[in-house]
Amino acid sequence: MKKKILITGSNGFLGEELVNYFSESNLILALDKEIPINFSSNLHNISKYICDIRDKEKLEKIFKENKIDIIIHCAAEILDEKDPNEVWKTNYNGTKNLLDFSETYNVKKFIFTSTFSIFEKNYDSPIDEKEPSSAIVDYGKSKYAAENLILSHTFKGDVVIFRCPVVIGRKRLDKLALLFEMVRQRTNIWLVGDGSNKIHFIYSLDLLNAIKLSIDLHGKNLFNIGSNNVTSIRDVFQKLLKHANSNKRIKSFPKSLGLITLKILNFLRLISLGPYHQRMLVSNCVLDTNRIKKKIDWSPNYTNEQMLIECYDYYLATLKQEKENSSSKKLPNLNIIKLLKILNF
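Described in the following lines is the structure provided in the data block. Computed from a predicted model, the values in this text were never measured in an experiment.

Each value, and the rule that gives it
- Residues numbered from 1 in each chain as written.
- Predicted model: local features only at pLDDT ≥ 70, side-chain atom pairs only at ≥ 80, totals over all residues.
- Heavy atoms only, no water.
- Helix = DSSP H or I, 4+ residues; strand = E, 2+ residues; numbered from the N terminus.
- Rg over C-alpha atoms; globule rule 2.2 N^0.38 Å.
- Contact = heavy atoms within 4.5 Å.
- Areas by Shrake-Rupley, 256 points an atom, 1.4 Å probe, with all protein chains shown as cover.
- Lys, Arg positive; Asp, Glu negative; His and termini not counted.
- Charge placed at Lys NZ, Arg CZ, Asp CG, Glu CD.
- Phe/Tyr/Trp six-rings, centres within 6.5 Å; stacked < 30°, edge-to-face > 60°.
- Buried < 20%, exposed > 50% of the residue type's maximum accessible area, 1.4 Å probe, protein only.

Across its full length, the protein chain holds 12 helices and 11 strands. Its C-alpha radius of gyration of 20 Å places the protein chain within 12% of the 20 Å reference for a compact globule of 345 residues. Each principal axis of the C-alpha atoms in the protein chain carries an extent, and together these give about 60 × 40 × 40 Å. Summarising the internal contacts of the protein chain: among those between residues at least 6 apart in sequence, 77% fall at separations of at least 24. Here the protein chain displays about 16,300 Å² of accessible surface, and carbon together with sulfur accounts for 51% of that area. If the 51 positive side-chain charges of the protein chain are averaged to one point and the 39 negative ones to another, these points end up 3 Å apart.

Given below as structure tokens:
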């Protein structure tokens, strides 16, 4: 029997992939505050709703009119320039609205995609699920608060929280296009610091598989998730350059000078890397994923370098296609590439 699944943030990169994936054998309520996008297949199984999860009246109407079995909650405010109050209204208050109505209307399962952005310092060893948050920006703080709300709420259904690192996928451009254009246009790749730090990624297909496996999981569960065998950023980028047959090199700015340079370039709008991303580029942040592997017998199929290589090839193959106008699918500011080429960096 088909399950009825409400997916929030359905216009986003991950939301779209979830809708396409689960609509093969389920009835999907694709919810987003913006005008719905066009999904690729299984349209007979997809109903689209325009609704801000902060709008309790409109949201409850959707619950009343549908017997929802599962919620996969991806909607979030993430941008640094957003008003902090708006971030909290969506990421915390909006999550509470969904939980309250899930309790009232007897939803069976609540799945939440959280983030490793709740960790914003340098970690010398993998971070397990018991590690307290070190979030600085309101995005990370609000997502951590939402996690605790979900785990302590009186909702009687099953709960699964996935703490996701950087989610990589073929259709996700955002910051990745900056890296891919450096490789494509044969410029050197510049790192802040020596590039020995490790940053965890997860490929969207691996995350979708984990969510599918968690559908039958009971109780309240919190999982870190991510790729295996995480190597340094320098090593990952070097393998991408080798795959692209590029003769360019990876070069480094001293960390302190590099961070100052990033702030200036961001201020001049030559790049779009806010304070959080600047800190992430010079820090170690790798999640301990042993719990999820033991609990649902899950293991990722892609390493960091494998997912970047696959996405780079897809980027080249679709370069001339019109890009969709969402925050994760549109091209970022690429002016820095022009500057690097002018300066012959």
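Let us keep going from here.
Now for the packing of aromatic side chains. Working definition: an aromatic ring pair is given by the centre-to-centre distance plus the angle between the planes. Considering all chains together, one arrives at 11 aromatic pairs under this definition. On the basis of an interplanar angle of 45° and a centroid distance of 5.6 Å, the ring pair of phenylalanine 63 and phenylalanine 101 is categorised as tilted. Here phenylalanine 63, found in helix H2 (residues 56-65), pairs with phenylalanine 101, found in helix H3 (residues 84-104); they are 38 residues apart in sequence, far enough to count as distant. Ring centres of phenylalanine 180 and tyrosine 315 lie 5.5 Å apart, and the angle between their planes is 50°; this geometry places the pair in the tilted category. With a gap of 135 residues between them, phenylalanine 180 in helix H5 (residues 176-184) and tyrosine 315 in helix H11 (residues 304-317) connect regions that are remote in the sequence. Per residue, the accessibility class of phenylalanine 180 equals that of tyrosine 315, and both read buried. One aromatic cluster is present, formed by Phe63, Phe101 and Tyr105 through successive ring pairs.

Residue position: proline 165 is located in the loop between strand S6 (158-164) and strand S7 (166-168). Separated by 135 residues in sequence, proline 165 and alanine 30 have C-alpha atoms that sit 24 Å apart. Those residues within four positions of proline 165 in sequence are excluded, and the remaining contacts are Phe116, His200, Phe201, Ile202, Ile225, Gly226 and Leu287.

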